[in-house]
Amino acid sequence: MTGKIDHTSHDEAPVFPSAEFAAQSSLNAEQYRAMYEQSIQDPETFWGNIAQELHWHAPWSRVLDWQEPHAQWFVGAQTNVAYNALDRQVDSGLGEKRAIVWEGEDGEIRTYTYSDLLEQVKRAANALLTLGVVKGDRVTLYLPMIPEAAIAMLACARIGAVHSVVFGGFSVSALADRIQNAGSKVLVTADASYRKGALVPLKGNADAAAQKAPILEKMLVVCRANCDAPMQPGRDVYWHDALERASSEHEAAALDSEHPLFVLYTSGSTGKPKGVVHSTGGYMVGAYLSTKTVFDLKAGDLFWCTADVGWVTGHSYAVYGPLLTGASVLMYEGAPNHPDWGRFWDMVQRHKVSVLYTAPTAIRSFMRAGDEFPNRYDLSSLRLLGSVGEPINPEAWRWYWRVIGGERCPVVDTWWQTETGSIMLTTLPGAFPAKPGTAGLPMFGVDAAIVTRDGHDVEDGQGGLLVIRKPWPSMLRTVYGDDERYVKTYWGEITGVYFAGDGARKDADGYITVMGRVDDVLNVSGHRLGTMEIESALVGHASVSEAAVVGRPDELKGECVVAFVLVQDGHTVDVDELRRHVSREIGALARPDAIYVADALPKTRSGKIMRRFLRQVAAGQEISGDTSTLEDPSVLERLAATVAQ
Ligand code: PRX
């Protein structure tokens, strides 16, 4: 990591919001500037005022206590995120408003008003208490995109249990590791889930994971499909039975502002994913303010964030943020191309979605499938579009704006991370023009800078490392069970600042373009994968003695996984079997697109694999850079020949 990054893309012409959109928008450029200025100069007053819009069971004595790199926000205050998301809304007269409109892949539709959702959450909270869950306990959720996922998250938040949502696409081993690492005694899962017309056997995976995670004692099983999964007496309880038996009365626990709200595992540059820990008060305030301002939500909006609750976007913008602002949320269980690539647009038309937030990979897939799908539907209910998870190429941005948004809807490109908890960079839709391919300006309280490896600002237009120089409320508090890793990874790489792991550049207007990861983390279809995590899965197979994994640019996925493996003596490598092995170890999302069998890897004399060269080889590029530090530079030619075959 040198801190100097070359870039080639040219700046795109700005796209302005229509006068009509700007006129109805809640924030204009001057208001943003004044608020931003205060949020940086006087963060305690700024965040104190924002937090007052929410309910606190007890007030704070100080807004911020910053003992670098540990922050406490709203020190001494007590609150409850579920109370703020539900009870507060019902008390203010939104009881009959739709909170969640859910559509199953099979077409089933369920609607929960704020009152309905509150009742379900109270019952689920009581059901968890009956299972022996107490404040501070971790509860793992391995669920499809069904309302019960949001209900279970909110029920945990209500009693002060710490949820750890594991994406339903993760394998048995990945699930077991995360249960064990978090020390969860309770798992909430479902019998199965519909995906592309088939059933995904979640309960079967959960049973297998339980074998590998001895800490697990109880399983709460939502019946989504046929209710025919085998249940283990004494361990497994059906969700519907438990909720039916549970009381619908429950008072939300008053929790310390710094009480952990959730753990969410994400990939880093070592072999083991890390459990990112978020707090109650700070996360709540960050999710609330960002949802309200970035999506410019109005009373009648139907907000659809298509992310799965297994990722941070699903936490902050499919559940917590919108409910904290009293919005109506659309939730969808299945695949975007079931029964065909028109599914999303059919849903936008039928449900009259007004704000849509999705990922560049999805946008590129829709683009490839052809305009005829969106053109079949009336998308005039849409008024704002959002993008998240990876850099969006200007071509996809323009397609989204033109074909989906009818050149009428601003597109907000939002940069943030599991660790940041809420959106950090974007252009507020009614206040500023967007520049396709560029995330934009810092959000309130975000003191972003582009620096060199030794922490010096780079000039505008130059590539460098993206850092944040001040604490913000929704920042991660630690890595679960490994505070040292938190300190070292985030605040130890570049002295005194939070290092995001991304390369970026800033233009003369202050707009920041995020160019991608500069560490050993891949971003495949907007999902983070650690190269070392995949390498350790590969060397876990008997036939592999060594492995090196790199990313290769991919038109659809942004980046795809390429592996180079050395064969263990006495074995032969079956590439398809190895790909299946990685799926079993991590999940299908980590399956390498290509695996090349090599006789050696490009290493320095001290034994370090030079991934930089492997990336060039994988992409079929000319080798550039100094190869003289390699023990055997001729390795590169042989690898290039293998890739070219
Ligand atoms: O590299 C950046 C990329 O996704 C990473 C964070 O991934 P994750 O923690 O899984 O969170 C994804 C959803 C917030 C970042 O380090 N990334 C995310 N959004 C953007 C982005 N890259 C460019 N532009 C974005 N809008």
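On a predicted model such as this, the values are computed, not experimentally measured, just so you know.

The rules behind the values
- Residues numbered from 1 in each chain as written.
- Predicted model: local features only at pLDDT ≥ 70, side-chain atom pairs only at ≥ 80, totals over all residues.
- Heavy atoms only, no water.
- Axes fitted to C-alpha atoms, helices over the stretch in contact; angles between N-to-C directions.
- Helix = DSSP H or I, 4+ residues; strand = E, 2+ residues; numbered from the N terminus.
- Parallel < 35°, antiparallel > 145°, perpendicular 65-115°, else oblique.
- Left-handed = near helix turned anticlockwise from the far one by under 90°.
- Contact = heavy atoms within 4.5 Å.
- Nonpolar A, V, L, I, M, F, W, Y, C, P; charged D, E, K, R; others polar.
- Buried < 20%, exposed > 50% of the residue type's maximum accessible area, 1.4 Å probe, protein only.
- Disulfide = S-S within 2.5 Å.
- Near = heavy atom within 4 Å.
- Polar contact = N/O pair within 3.5 Å; in protein donor to acceptor, adjacent residues only side chain to side chain.
- Areas by Shrake-Rupley, 256 points an atom, 1.4 Å probe, with all protein chains shown as cover.
- Salt bridge = Lys/Arg side-chain N within 4 Å of Asp/Glu carboxyl O.
- Domains from an automatic or database assignment.
- Buried area = accessible area lost by both parts, 1.4 Å probe.
- Phe/Tyr/Trp six-rings, centres within 6.5 Å; stacked < 30°, edge-to-face > 60°.
- Lys NZ or Arg CZ within 6 Å of the ring centre and 35° of its normal.

Undergrad: What's the story with the packing of helix α6 (residues 147-159) against helix α11 (residues 312-324) in this structure? I'm lost.
TA: A pair of packed helices is characterised by two quantities: the angle between their axes and the separation of those axes. Look at α6 against α11: their axes get within 11 Å of each other, and the N-to-C directions meet at 60°. Considering the angle they form, α6 stands oblique to α11. When you trace α6 past α11, the crossing you get is right-handed. For the pair α6 and α11, contact is made by Ala150, Met153, Leu154 and Ala157 and by His315, Val319, Tyr320 and Leu323, respectively. Per-class residue counts for the contact of α6 with α11 are 7 nonpolar, 1 polar and no charged.

Undergrad: Looking at this structure, I do not really get the environment of arginine 364. What am I missing?
TA: Assignment of secondary structure puts arginine 364 in helix α13 (residues 360-369). When its relative accessible area of 8% is taken as the criterion, arginine 364 is described as buried. Sequence spacing of arginine 364 and glycine 620 is 256 residues, and the spatial spacing of their C-alpha atoms is 23 Å. Discounting chain neighbours no more than four positions away, the residues touching arginine 364 are Glu390, Pro391, Asn393, Ala396, Glu555, Leu556, Lys557 and Gly558.

Undergrad: Sorry if this is basic, but what is going on with the side chain of threonine 291 here?
TA: Its location among the elements puts threonine 291 in helix α10 (residues 281-294). You can call threonine 291 buried: its relative accessible area is 0%. Those residues within four positions of threonine 291 in sequence are excluded, and the remaining contacts are Asp296, Leu297, Ser316, Tyr317, Gly321, Pro322 and Thr325.

Undergrad: Could you clarify how one ought to interpret the environment of valine 575 in this entry?
TA: By the secondary structure assignment, valine 575 is in helix α18 (residues 575-585). A residue is classified by how much of its surface remains accessible, and valine 575, at 28% relative accessible area, is partly exposed. Expressed as a C-alpha distance, the spacing of valine 575 and leucine 64, which sit 511 residues apart in the sequence, is 53 Å.

Undergrad: Before we go on, may I ask you to explain the state of the cysteines in this structure?
TA: One way to say it: the disulfide is the covalent bond shared by the sulfur atoms of two cysteines. For the coordinates displayed, the defined rule picks out 1 disulfide. At a sulfur-sulfur separation of 1.6 Å, the disulfide partner of cysteine 223 is cysteine 227. One disulfide, between cysteine 223 and cysteine 227, carries an S-S torsion of -135° and so falls in the left-handed class. Residue cysteine 223 is classed as partly exposed on the basis of its relative accessible area, which comes to 23%.

Undergrad: Explain unusual backbone geometry here, please?
TA: Glycine aside, residues mostly have negative phi angles, and peptide bonds mostly take the trans form. Cis peptide bonds are those with omega within 30 degrees of zero, and the linkage from glutamate 68 to proline 69 qualifies with 0°. Along the chain, the position of proline 69 falls in the loop between β1 (62-67) and β2 (70-75). Geometrically, the link from histidine 338 to proline 339 is a cis peptide bond, its omega value of 0° lying close to zero. The topology assignment puts proline 339 in the loop between β17 (328-332) and α12 (343-351). Backbone geometry at serine 525 places phi at a positive 50°, although glycine is not the residue there. For serine 525, the location among the structural elements is in the loop between β28 (521-524) and β29 (527-530). Here serine 525 falls in the partly exposed class, since its relative accessible area comes to 22%.

Undergrad: Hey, could you run me through the site of the ligand in this one?
TA: The environment of the ligand is made up of 17 residues, and the closest members are Asp413, Thr414, Thr418, Asp502 and Arg528. Measuring from a nitrogen atom of the ligand, one finds a side-chain N or O atom of aspartate 413 at 2.8 Å. Between glutamine 417 and the ligand, the recorded distance is 2.9 Å, taken from a side-chain N or O atom to an oxygen atom. When the free accessible area of the ligand is taken as 550 Å², the share hidden by the protein chains comes to 96%. Partitioned by chemical class, the residues of the shell around the ligand number 6 nonpolar, 6 polar and 5 charged.

Undergrad: Explain the pattern of salt bridges to me, please; I cannot follow it from the model alone.
TA: When their charged atoms lie close together, side chains carrying opposite charge are able to pair. Scanning all chains against the criterion turns up 40 salt bridges. Among the salt bridges present, the one from glutamate 108 reaches arginine 224, with a minimum N-O distance of 3.1 Å. Of this pair, glutamate 108 sits in the loop between β4 (98-103) and β5 (109-113) while arginine 224 sits in the loop between β11 (218-222) and β12 (236-238), and the two are 116 residues apart along the sequence. Relative accessible area serves as the criterion here: at 34%, glutamate 108 is assigned to the partly exposed category.

Undergrad: Sorry, what's going on with the domain arrangement of the protein chain here?
TA: One widely used convention gives an interface's size as the accessible area the parts lose upon coming together. Domain parsing of the protein chain yields domain 1 (12-80 + 280-449 + 464-501) and domain 2 (525-644). For domain 1 versus domain 2, the separation of C-alpha centres amounts to 34 Å. Taken together, the contact pairs 10 residues of domain 1 with 9 residues of domain 2. Counting the surface lost from both domain 1 and domain 2, the interface buries some 790 Å², and carbon and sulfur atoms represent 48% of this. When the buried surface of domain 1 facing domain 2 is broken down by residue, Trp311, Arg364 and Arg368 rank first, second and third, together holding 51% of it. Applying the counting rule to domain 1 against domain 2 returns 2 salt bridges.

Undergrad: Before we go on, may I ask you to explain the packing of aromatic side chains in this structure?
TA: Remark: the centre distance and the inter-plane angle together describe each pair of aromatic rings, the angle taken between the planes. Enumeration over the complete set of coordinates arrives at 34 aromatic pairs. An angle of 5° between the planes, with centres 5.7 Å apart, marks the rings of tyrosine 490 and tyrosine 498 as stacked. Classification of tyrosine 498 by relative accessible area gives buried; the value is 0%. With a centroid separation of 5.5 Å and an interplanar angle of 35°, the aromatic rings of phenylalanine 564 and tyrosine 596 are classed as tilted. Of this pair, phenylalanine 564 sits in strand β31 (residues 558-567) while tyrosine 596 sits in strand β32 (residues 594-598), placing them 32 residues apart in sequence. Tyrosine 596 carries the same exposure label as phenylalanine 564, and that label is buried. If you follow arginine 110 out to its NZ or CZ, it ends over the ring of tryptophan 102, 4.8 Å from the centre. Over the face of the ring belonging to phenylalanine 170 we find arginine 178, whose NZ or CZ atom lies 4.4 Å from the ring centre.

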